[in-house]
Amino acid sequence: MYAHEYKCIHFVRTDRNDVPIVAERHCVLQTNLCTKIGSSHSNCVSTVEHLMAALTLNGIEKVRIELSGEEVPILDGSAIIWSRMIEDAIDREDKKDREDKKANRKRQSQSMKLVQRVDSFVLLWAHQDTQIHASIEFGAWYESYHYTGQKEQILGARSFVLEEWIEALKQNDRILGAQLTNGLVKTNKGWRNGPLRWENEAARHKVLDLIGDLSLAHLSQKHMMISYKSGHSLHIAMTQII
């Protein structure tokens with residue numbers, strides 16, 4: 001998957017004779033439940049956020065990714081398997097040098113930025129360290145997580161869905177490939193498929209999604225970020241104003 005000769009992260013649909021799909025903010029086509037990018041609605045790739053987070057957290061900025069279909073495999077619903085594959089594919093000795101150079105090239109916001117819809121928001125400003133505080137709230141269920149740059153604390157956090165959403169999503173041809181092995185299901189009584197990897201695994205996954213989505217804007221991780229009830233739509237809206 002990793003190759004030095006490519007100058008950016010891009011996807012190639014091997015089932016189509018079309019142009020490469022560049023992982024950039026201007027290529028985002030859709031943000032409902034996942035992030036979809038493409039050169040057109042027929043030449044596109046969906047659910048890129050977990051793979052993009054794994055690439056970002058491992059310091060990868062140029063790679064050709066070949067897919068024979070539209071959707072990036074969801075695997076276990078987190079980014080941990082992608083990260084292990086990436087680590088196996090790269091030369092560990094030059095990894096730190098690549099991460100240091102990448103940090104110097106990444107975009108850093110020169111002022112505080114805010115995107116907000118009703119009571120949901122993402123706020124960020126430049127900081128000397130990586131600090132991301134994510135909170136989620138659905139009715140009486142609330143949890144949060146504060147990330148300070150230890151990627152092992154978020155890579156394994158899995159996607160989640162509320163049980164009450166499932167039927168409507170399936171009727172709209174969404175999450176058709178979802179299983180209890182590749183995502184968490186939250187019920188009124190607790191978790192349908194535990195055990196959790198962390199007590200606040202859902203909030204940790206929100207941090208993972210945020211990093212994956214903001215990577216489309218080549219944003220340095222050296223920011224203070226606060227997200228509350230955010231989703232892919234707000235994340236991508238932030239990429240447009242950085």
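Residues numbered from 1 in each chain as written. Predicted model: local features only at pLDDT ≥ 70, side-chain atom pairs only at ≥ 80, totals over all residues. Heavy atoms only, no water.

Visitor: Provide a residue-level description of the side chain of S83, including the pertinent values.
Guide: Here S83 is to be found in helix α2 (residues 80-89). Of the residues examined, S83 reaches a relative accessible area of 1% and is grouped as buried. (Helix = DSSP H or I, 4+ residues; strand = E, 2+ residues; numbered from the N terminus. Buried < 20%, exposed > 50% of the residue type's maximum accessible area, 1.4 Å probe, protein only.)

Visitor: Give a description of the sheet that holds strand β7 (residues 113-117) that names residues and reports values.
Guide: Reading across the sheet, the five strands line up as β7-β8-β14-β9-β10 and stay open at both edges, with mixed pairing between neighbours. The outermost strands of the open sheet, each flanked by one partner alone, are β7 and β10 (141-147). The mean inter-strand angle of the sheet, taken between neighbouring strand axes irrespective of direction, is 5°. Pairing geometry for β7 and strand β8 (residues 120-126), over five bridges, is antiparallel. Residue pairing for β8: Q116 is matched across the bridge by F121. Sitting on the sheet, helix α5 (residues 201-214) touches β8, β9 (131-138), β10 and β14 (223-228), and the angle it makes with β10 is about 55°. Strands β7 and β8 of the sheet are contacted by helix α6 (residues 232-239), whose axis makes an angle of about 145° with β7. (Pairing = 2+ DSSP bridges. Axes fitted to C-alpha atoms, helices over the stretch in contact; angles between N-to-C directions. Contact = heavy atoms within 4.5 Å.)

Visitor: Which residues make up the environment of W198, and what values do they have?
Guide: Inspection of the secondary structure assignment puts W198 in the loop between β13 (190-191) and α5. As for W198 and A157, which are separated by 41 residues in sequence, their C-alpha atoms are 7.9 Å apart. Look past the residues within four positions of W198 in its chain and what remains in contact with it is E152, Q153, G156, A157 and R204.

Visitor: Provide a residue-level description of helix α1 (residues 49-57), including the pertinent values.
Guide: Most of α1 sits inside the fold, with nine of its nine residues counted as buried. Looking only at α1, the buried set comprises E49, H50, L51, M52, A53, A54, L55, T56 and L57. In the stretch just after α1, G59 is the one whose phi turns positive, near 75°.

Visitor: Give me the nonpolar core: which residues, what numbers.
Guide: Residues F11, I37 and L55 are the most contacted members of the largest nonpolar core, which totals 49 residues. Every residue in contact with F11, bar those within four places of it in the chain, is listed here: P20, I21, A23, I37, V45, V48, L51, M52, I65, L67 and V72. With six residues, the next largest nonpolar core counts I136, W141, F160 and L184 among its residues. (Core = buried A, V, L, I, M, F, W, Y, C linked by side-chain atoms within 4.5 Å.)

Visitor: Give me the state of the cysteines: which residues, what numbers.
Guide: Evaluated as defined, the whole model comprises zero disulfides. Here C8 is not disulfide-linked; the sulfur of C27 is the nearest cysteine sulfur, at 9.4 Å. The partly exposed category is assigned to C8, whose relative accessible area is 23%. (Disulfide = S-S within 2.5 Å.)

Visitor: Which residues make up the packing of α1 against α5, and what values go with them?
Guide: Here α1 crosses α5 at 80°, and the two axes come no closer than 7 Å. As far as their axial angle goes, α5 and α1 are roughly perpendicular. Residues E49, H50, M52, A53, T56 and L57 of α1 touch α5, and the partners they reach there are H205, L208, D209, I211, G212 and D213. Split into classes, the residues belonging to the contact of α1 with α5 amount to five nonpolar, four polar and three charged. (Parallel < 35°, antiparallel > 145°, perpendicular 65-115°, else oblique. Nonpolar A, V, L, I, M, F, W, Y, C, P; charged D, E, K, R; others polar.)

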